[in-house]
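Observations on the three-dimensional arrangement
The chain contents come next:
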Amino acid sequence: MDKSFYIILCFCCWVATATAQQTVTGTVTNRTDGTPLQHVTVVIPETGQKTQTDAEGRYRITLMDAAKRITFSLLGFAGSTQEIGGRAVIDVALESEAMGLDEVVVVGYGTQRKIETTGSIASVRSEELTQMPVTNVAQGLQARVAGVQINQNSGSPGGNISMRIRGTNSINGSSEPLYVIDGIQVSNGGGVNDVSPLSTINPNDIESVEVLKDASAAAIYGARAANGVVLITTKRGKAGATRVDVESYYGVQQVAKTLDVLNAAEFAQLENEVFKDNFYPDPASMGEGINWQDLIFQDAPMQNHQLTVNGGNEKTQLALSFNYFDQEGIIINSGFERYSVRLNMDHRINERLRIGSSILGSYSINHGISAGATDLGNAGVVTGSVLGAALGAPPTLEPYREDGSLFPFAEQRGGRYREVVNPLNFTEILQQRTLKRTLGNFYGEYTLIPGLTYRASFNIDVDDRLYDTYSPLSIIAQQDINENSGSGSKDNRDFLNLLHESLITYSTQIADDHSLKFTGLFATQSESYKRNLLSATGFPNDATKNEALQLALNRTVSSERTRQRLDSYMARVNYGFRDKFFLDVTARVDGSSKFGANNKYGFFPAVSAAWRIIEEPFLQNFKQLTDLKLRASYGTTGNAGGISPYQSLAMVAASGGYNFNHGWETGIAPTGIANPDLRWEKSTQTNVGLDISLFNNRWSIVADYYHKRTEDLLFVKALPLSSGYGEITGNYASLENRGFELATNAVLVDSDFRWSVSANITANRNKVLNLDGGTTDERFITNYTLLKVGEPLGVFKTYVFDGINQTGETIIPGYDGRLGGHKVRDIDGDGDIDTDDQVITGDPNPNFIFGFSTNFNYKNFDLSVLLSGTYGNDIYNISRLSFENPLGQRNLLKGMVNRWTPENPSNQYVSPFVAGRLPISDYAMEDGSYLRIRNINLGYTFQGIGKISRIRLYVSANNLFTFTDYSGFDPEVNTYAGSNTTIGIDNLVYPQAKSFLGGVQVSF
């Protein structure tokens, strides 16, 4: 009896429990393409119950009596809240275009909800970064973030790229932002023919990128933040079923544009006119001749293959990836190859202690080629780069001997063209860079009490580089080979960056109205660099190239070594009131070994606030308005990138040679005067922004106005000769950037057919305020580039081209004017051409830059388009001063068929003249505005085929069309790479390629 009673009682309790604990299941997908979303957090707000979706996007959760709603959230997607209402199945499609107000964004040393952000921060998701094939992360950001200008200075595989956040902020220092990859701080830089350091990082491993643009967002990085900060978060493991992703693509690249030059018949006729020697008796019989551009350019393959494994349980999560990337260049014998591996691991030892690591390793090989030159209007542009040589090579000559070897021009046509180089010579010169890089982050995090955590991290960046060069004997004419012919070198450069950070964080909620978070940091960083260079000339043959330098007749050795240290202290307070008002206060102190004894430490404070106006009662009836937030910030950041170690000290170096006791000795001489007051470059920035979201986040607008003044800029100041030194580097100059940014995202159609758009536009105005404390108001950087107080950086100052001197006209003296030659304008009207007649004729800084993207989805089809462009910038195409100058022995651009003669009085193209030069005028100035179709991507997705959860097939066209009036290879160009002062200059740089590829993405 008693036993039966207890059985019945237990059965009733079970029935009651089963009734109270309803189970809800469902699937969460990406609204954009219908693909399942893994790791979506599913929460019951009333009870705190939580789970995550699996690899197929499925979830299951058991409800308690109090459960009324279910929330779904995932970083990079708008959250969704669903009323349960007795439903047993709830399927959800998350919106990936507009970020939800409760979503989390990464900020320095932590995260914040989107509604809490008070600074100017832009986020870019991984699928946007890799929408088109990119070698490095900066390429993926191009045209996607307002206020960020990214220039692909060279189109070579792995080539140099520069980024400017809210303008150029320095003159002699670096204007590149600080990159922080999983807490590891790295820098970008290099010359136009160098490989970008960012190319050693696999873009496919990146989860998201945040760009910190204003002082309040970036001040936490203090002395390295004046140029902005780019936070890169790589993909980490998630609890749940193991997911395996495989992606591969293969494509072909082509040169987007070639330049028309004279054919052999036209060139022969020109040669006869220049030298008046009838060297070619019958020019017309020469025909078309050799097209040297066809010989150096090729259809180049590129491929990428990635394997990613992601998974774990509640205690341990792991993400592992392997990648192989190979890109041949559109110029023969150039290319970039990278092998990379990533391992991210997180492990919770107990409820209080968590440890983890991020390890990225890469091995890259870059086969470089000299594509650009800085020589102006002379033979250097022809002999110093493959593109210049290809344009200038006489089409009447032959590329190969009968045995297939390269045919030096000195051995052809009686040696008439010995001073011109066979373009194929450059493709035979070894310029190989091998880069081995390891980034490691190891952390431990301990919760001392609820809300109070301590995190210690140890970061390492090991960057080992080997530069191999060899110029072979085989490209030299036999009669020109001597005991010094052939040159080679091995250049080892090793970088080691060690960083420790101790971070303490305390967060609490006071009542229901106040939220408070405190972050404190101590960091110490050590950077060391060493270089060993061995170079040699005079090789017996090409058999060993540069692998046996001891065989060479002449050898030289050099080495160098530097070390620097940075100690930092930072505190930040975040306060919020009722999700309506927010206040952030940040202060950082940095001390560096690089600076003068009187300025070892710098202080960098910032404050910012936000008011969510949407929470005010007077806006509650505006149902179309989802969010309205006003932001304002003010702060100071520093730039230490322009100061080399030991620059504040008196320095000596090896200098020349001395005949001592009948022997040749190397001496040591002073090279720099001490400056104990040398300090940081300092930027003070004000920012006012407005965030608007409409129609349940279907349309969002972000607008910002900023004013940034940068002072204490490094600049070289002349010293009186009595000091024993010619100049001193100090903090003398200043400049400002002010501008407006506008970014918008909208979902225009949201049904079976879905259409979304994103656009951004930025107008920045740059101005030099001071150079050297008032001693001078302007200074030439090159023969045509100027720094001038009151003007933007890098403006062009030249003569004004005024046509061609015609028969019967008076030729103004002062600039080697001649009949049929260039005429320049006498600006001051004094009857003489001199420097007073040079004026500012161009500005390389654009009036505005813009980006636009659109996405279409219909059932399983997806289509995306990305556009980018600039407007109002000038390019000084100085290669025209070489290739529109008929001085003889080199080929010219096609327009020179209309050169001046008495019978053809052209007012644009000069007459032939042996060894003539063109005056530096705005003749070569061109409008550099352009609109580029950067990417078109079309895909189709198959769902759930056996054990395969998803297969996406796609085709992509990249750099398909560029609409521009610019006559050169590519309007996105700068011969001087990332220079702050010599910008917008084209003297033939490796052009960007257009490419077509197909790929597949498979998820298991």
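Everything numeric here is computed off the predicted structure, so don't read it as measured data.

A few points about the domain arrangement of the protein
How big an interface is tends to be expressed through the accessible area that disappears when the partners come together. Domain annotation of the protein identifies domain 1 (23-96) and domain 2 (104-248 + 987-1003). Each of domain 1 and domain 2 was reduced to a C-alpha centroid, and the two centroids are 31 Å apart.

Looking at the sheet that holds strand S2 (residues 41-43)
Pairing is antiparallel across the open sheet formed by 4 strands, whose spatial order is S3-S2-S5-S6. Two strands close off the open sheet at either side, each with one partner strand: strand S3 (50-52) and strand S6 (80-83). Going from strand to strand, the sheet's axes swing by 20° on average, the running direction of each strand aside. Sheet topology note: the strand S5 (residues 69-73)/S6 ladder contains 4 bridges and is antiparallel. Residue isoleucine 70 lies in a different strand from S6, and its bridge partner there is glutamine 82.

Description of the pattern of salt bridges
Here the structure, examined in full by the defined rule, presents 49 salt bridges. Across the pair glutamate 271 and arginine 416 runs a salt bridge whose closest N-O atoms are separated by 3.4 Å. Of this pair, glutamate 271 sits in helix H5 (residues 264-275) while arginine 416 sits in the loop between helix H8 (386-392) and helix H9 (424-428), placing them 145 residues apart in sequence. The class of glutamate 271 is buried, set by a relative accessible area of 0%. Taking relative accessible area as the criterion, arginine 416 reaches 16% and is therefore assigned buried.

Topic: empty space enclosed by the protein
Per the stated rule, a full pass over the model turns up 10 cavities of 30 Å³ or more. Residue lining of the largest cavity: 33 residues in total, with Gln149, Asn151, Pro844, Asn845 and Pro846 positioned closest to the centre. Classifying every residue of the lining of the largest cavity gives 12 nonpolar, 18 polar and 3 charged. For the second largest cavity, the calculated volume is near 340 Å³. Around the second largest cavity, the lining comprises 25 residues; the ones closest to its centre are Pro133, Gln139, Gln327, Asn959 and Gln992. Of all elements in the fold, only strand S19 (316-328), strand S47 (948-964) and strand S48 (993-1003) reach the threshold of two or more residues within the lining of the second largest cavity. At 3 residues, the largest contribution of residues to the lining of the second largest cavity is made by S19.

Examining the environment of glycine 335
Here glycine 335 lies in strand S20 (residues 335-348). When the C-alpha positions of glycine 335 and phenylalanine 275 are compared, they lie 41 Å apart, and in sequence the two are 60 residues distant. Once residues within four sequence positions are removed from consideration, glycine 335 is found in contact with Pro157, Gln327, Glu328, Gly329, Ile365, Asn366 and His367.

Overview of the environment of aspartate 464
Considering the arrangement of structural elements, one finds aspartate 464 in strand S23 (residues 452-471). Classification of aspartate 464 as partly exposed rests on a relative accessible area of 27%. Apart from the residues lying within four places of it in its own chain, the contact partners of aspartate 464 are Thr434, Leu435, Lys436, Arg493, Asp494 and Phe495.

Let's talk about the confidence of the model for the protein
Mean pLDDT over the protein works out to 88, with 94% of the residues at or above the 70 mark. Here residues 3-20 is modelled with pLDDT under 50, and outside its nearest four sequence neighbours on either side it reaches 3 contacts, counting other chains as well.

Notes on the side chain of histidine 500
Mapping histidine 500 onto the fold places it in strand S24 (residues 487-510). On the basis of relative accessibility, which here comes to 18%, the residue histidine 500 falls in the buried class. A distance of 2.8 Å separates polar atoms of two side chains, one belonging to histidine 500 and the other to serine 502. Leave out the neighbours within four places in its chain, and histidine 500 touches Ala456, Ser457, Phe458, Phe522, Ala523 and Thr524.

Considering the nonpolar core
Within the largest apolar cluster, 35 residues are counted, with the highest numbers of intra-cluster contacts made by Phe297, Val386 and Leu387. Mapped by element, the contributors of at least two residues to this core are H5, helix H6 (292-296), H8 and H9. Ranked by residue count, the leading element in this core is H8, at 5 residues. Apart from residues no more than four positions distant in its own chain, phenylalanine 297 is found in contact with Val255, Thr258, Ile330, Ile331, Leu387, Phe969 and Pro991.

A look at the sheet that holds strand S1 (residues 23-30)
Within the open sheet, the 3 strands sit side by side as S4-S1-S7. Their pairing is mixed. The open sheet has two free edges, formed respectively by strand S4 (58-62) and strand S7 (92-94), since each of these has just one partner strand. Pairwise comparison of adjacent strand axes, ignoring direction, gives a mean angle of 30° for this sheet. Bridge analysis of S1 against S7 gives 3 bridges, and the strand direction is parallel. Bridging from a neighbouring strand, valine 28 pairs with valine 92 of S7.

Basis of the calculations
- Residues numbered from 1 in each chain as written.
- Predicted model: local features only at pLDDT ≥ 70, side-chain atom pairs only at ≥ 80, totals over all residues.
- Heavy atoms only, no water.
- Domains from an automatic or database assignment.
- Pairing = 2+ DSSP bridges.
- Helix = DSSP H or I, 4+ residues; strand = E, 2+ residues; numbered from the N terminus.
- Axes fitted to C-alpha atoms, helices over the stretch in contact; angles between N-to-C directions.
- Salt bridge = Lys/Arg side-chain N within 4 Å of Asp/Glu carboxyl O.
- Buried < 20%, exposed > 50% of the residue type's maximum accessible area, 1.4 Å probe, protein only.
- 1 Å grid on protein atoms, 1.4 Å probe; cavity = no way out; pocket = protein on both sides within 12 Å on 5 of 7 lines; lining within 4 Å.
- Points joined across faces, edges and corners; volume = space filled by probe spheres on them.
- Nonpolar A, V, L, I, M, F, W, Y, C, P; charged D, E, K, R; others polar.
- Contact = heavy atoms within 4.5 Å.
- pLDDT = per-residue confidence, 0-100.
- Polar contact = N/O pair within 3.5 Å; in protein donor to acceptor, adjacent residues only side chain to side chain.
- Core = buried A, V, L, I, M, F, W, Y, C linked by side-chain atoms within 4.5 Å.

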